[in-house]
Structure formats: structure tokens, C-alpha cells
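Analysis of the macromolecular model
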Amino acid sequence: MPSSNSKYFVVFSFFSFFLICLTQADPIYSSHACTDSLTYKPKTTFETNLNLLLSSLPSKASGGSHFYRTRTGDAAPDAVNGLFLCRGDTLAAACRECVSAAAGEIKRRCPDQKEAIIWYDTCMVRYSNQSFNKIVPSTDLSNTEDVAPEDKERFNEVLSGMLNSAAAKVLKSQNKFATEQVNFTTTETLYGLEQCTPDLTVSDCNTCLRSAIAAVPNCCDGKRGSTVLLPACNIRYEFYPFFSSTPPAPVSHSHP
Ligand SMILES: *[C@@H]1O[C@H](CO)[C@@H](O)[C@H](O)[C@H]1NC(C)=O
Ligand SMILES: *[C@@H]1O[C@H](CO)[C@@H](O)[C@H](O)[C@H]1NC(C)=O
């Protein structure tokens, strides 16, 4: 992550227009999780259904929808549930590009598992033979350098305030997505992004965001940038603007 993050930063700083091109052409893989205890055999109806489901997802992203959930196959044990979630600031073409990459890559990373999830920087794809609420949440975190020791106490306060304020915005938003930014020093700004899958209730979204925020001190204490990925929500903060400041989604009033 640090190298792709710094590549992003440089590109964003000098040519923010090209960042959009970069994210469309080149979605960046973040992490994945396969449920190794649930496997299927090749050339079964389950695999056929899974392939159909994965290949159908990218076209559903073309219409500008950031979230889509579906099921292929009539009944257990061959039916597959699947969904994608694009980051709330992605344009339709970038969302489709990311979902397409993720849907292909999930099959390579988890070649015979009945349940899997893959995260890219701008989208997530997951599928399971079970309903999604049975998936055990998995967390992944990407860290960069530490804040200076003398800044740490204030950093933790500012960060916590920002993460809570972003969560409050997500809960009030229509699409369960929000960004936030706060000045840390006169020259440094802290940027945050939080998102739930839009099918969650406000209460479940809040529960998910709370557990993501609660993970930060354990995983990433004093880190200058972190990402917490859960199946139903994710949060990220950085000292650089890693999201588009003019999201196509209804939540465009995110900078007070
Ligand atoms: C999912 O697959 C596992 C492993 O094959 C099986 O035990 C379980 O019953 C399946 N669940 C459903 C809802 O089909
Ligand atoms: C943050 O810094 C910018 C630029 O220095 C300034 O315009 C803005 O008012 C500051 N925002 C807050 C909330 O202090």
C-alpha cells in the first residue's frame, strides 16, 4: 500500500484530472478473504452459478449504481448470493472497471471456495452460498508511517473526532457514504472516508462503523494513514485527498 498510496498522492497533487483516468484504467487491489472451510468441486452447478453471477456484476455497475446485490441459482446447495459496492465517489465507468477487475480476481484468489470477499481501493465484491449476515467479518488494515511522537495525543483526538463526524454523516446520507476533512496543522489536512453497503439499516451501519472505528487504536495506533475493511462497511483516513472532492453521489456537501 505505501508505494501505491504515494503514487496516488503524487498524481493527485499535480494532475488531479489524471487521477480519475488512473482509477478508471487501473483499479488497485487491497485485500481479500476466502472462507477455506467451504469448498466446491470444479464443473459443478455451484461453479456454473458462481461464474454467471460474477460475469453479470460489471454490467450492473455501468448504470451508475454503486451497490448491487443478486442471487444466481434457484435453491441451496447450488445458489450463490453476490454483491458489489463501489466507493461513493466513483463514476460509473470507474465502478464498472473496478467491479470487473475484482470479479475476475476473486476467482483467482479464492479458486474453490463457496464464500469470498475482495476489496479494491474503489470497490468490493463478495459472494457466498449462504446469506451474507452469516459471514464472519474479517478486517484488513494498511498502514503507513507513524505521526511524530509529540503530535500523537492531539492526532488521536483529531482523528477520533473526524471519524465520528464522518460516521454521523454516513448515517444521515442517502447512500451510506461520506467524506470528511479536518485541518491538523496549518499545512496538514486529515481526510477521511466511510461507507456502509446501502442495504444496511441505519442501526446496523452504525454498529459496523463503530467496530471499524474501534479497530483503529488496536491496529493502527498513531499511523498517518489506515484502512479498515469489513464486509459491510469500511473506513479510511490519510493525510492526502485520496477521494474525489466532487462525488457524483447525493452527498456532495461533505466539506463544511
Ligand atoms: C454452504 O456450503 C456448505 C459447505 O458445502 C454447506 O455445509 C452449507 O449447508 C451450504 N449452505 C447453504 C445455505 O447451502
Ligand atoms: C482549514 O484551513 C484552510 C486553509 O488554511 C482554511 O481556509 C479553513 O478555514 C480551515 N478550516 C478550519 C475548519 O479551520
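Cut-off values and rules
Residue numbers run consecutively from 1 along every chain, following the written order of its sequence. Chains carry letters and ligands carry numbers; both start at the beginning, A for chains and 1 for ligands, and go up in the order they are written. Residues qualify for local features only when their pLDDT is at least 70, as the model is predicted, and side-chain atom pairs are given and counted only at 80 or more; totals for whole chains, interfaces and linings, by contrast, use all residues. Hydrogens and water are ignored here; the side-chain numbers use all heavy atoms of the structure. Axis angles are defined between N-to-C directions and span 0 to 180 degrees, where every axis is a line fitted to C-alpha atoms and, for a helix, only to the segment in contact. In this description a helix means any DSSP run of H or I spanning at least four residues, a strand means any run of E spanning at least two, and both kinds are numbered starting from the N terminus. Here roughly perpendicular refers to angles of 65 to 115 degrees, roughly parallel to angles under 35, roughly antiparallel to angles over 145, and oblique to all remaining angles. Helix crossings get a hand from a simple test, with the near helix turned counterclockwise from the far one by less than a right angle marking a left-handed crossing and a clockwise turn marking a right-handed one. Any two residues whose heavy atoms approach within 4.5 Å at even a single point are treated as in contact. All residues other than Ala, Val, Leu, Ile, Met, Phe, Trp, Tyr, Cys, Pro, Asp, Glu, Lys and Arg, Gly among them, are scored as polar; the first ten of these are nonpolar and the last four charged. Given a helix with a known number of residues, its expected span is that number minus one, times 1.5 Å. Partly exposed residues are those whose accessible area sits between 20% and 50% of the maximum for their type, while under 20% is buried and over 50% is exposed, using a 1.4 Å probe and protein chains only. Pairing between strands is defined by DSSP: at least two bridges between the two strands are required.

Looking up the protein in an unreviewed UniProt entry gives the name Gnk2-homologous domain-containing protein, with the organism given as Acacia crassicarpa.

Some points on the packing of helix α5 (residues 152-172) against helix α6 (residues 202-220)
Packed helices, taken two at a time, are described by the angle their axes make and the gap between the axes. Viewed as axis vectors pointing N to C, α5 and α6 meet at an angle of 165 degrees, and their least axial separation amounts to 10 Å. Relative to α6, the element α5 lies roughly antiparallel. Judged by the twist between their axes, the crossing of α5 over α6 is right-handed. Listed contacts from α6 to L159, L163, N164, A167, V170 and L171 of α5 are V202, C205, N206, L209, R210, I213 and V216. Tallied by class, the residues present in the contact of α5 with α6 amount to 10 nonpolar, 2 polar and 1 charged.

Thoughts on the packing of helix α3 (residues 45-61) against helix α4 (residues 92-109)
Where α3 meets α4, the axes come as close as 7 Å, and the angle between the chain directions of the two elements is 165 degrees. Classed by the angle they form, the pair α3 and α4 counts as roughly antiparallel. Taken as a pair, α3 and α4 cross one another with a handedness that is left-handed. Touching E47, L50, N51, L54, L57, P58 and A61 of α3 are A92, C95, R96, V99, S100, A103, I106 and K107, all from α4. Across the contact of α3 with α4, the residue classes break down as 10 nonpolar, 2 polar and 3 charged.

What about α5?
Given a rise of 1.5 Å per residue, 21 residues ought to cover 30 Å, and the 30 Å separating the end C-alpha atoms of α5 matches this to within 8%. Buried residues of α5: F155, V158, L159, M162, L163, A166, A167 and V170, and no others. Residues of α5 that are buried in the fold lie against β6 (177-183), β7 (189-196), α6 and β9 (233-238).

Description of the pairing of β7
In terms of burial, β7 is largely enclosed, as 8 of its 8 residues are buried. Burial along β7 is two-sided: T189, Y191, L193 and Q195 facing one way and L190, G192, E194 and C196 facing the other are all buried. Both β6 and β7 contribute to a ladder of 7 bridges, which runs antiparallel. From the neighbouring strand, Q181 faces β7, where its bridge partner is Y191. The antiparallel pairing of β6 with β7 creates a hairpin that spans 5 residues between the two strands. Inspection of the sheet shows β7 paired to β9 by 6 bridges, in the antiparallel sense. Its bridge partner lying in β9, C196 is registered against C233.

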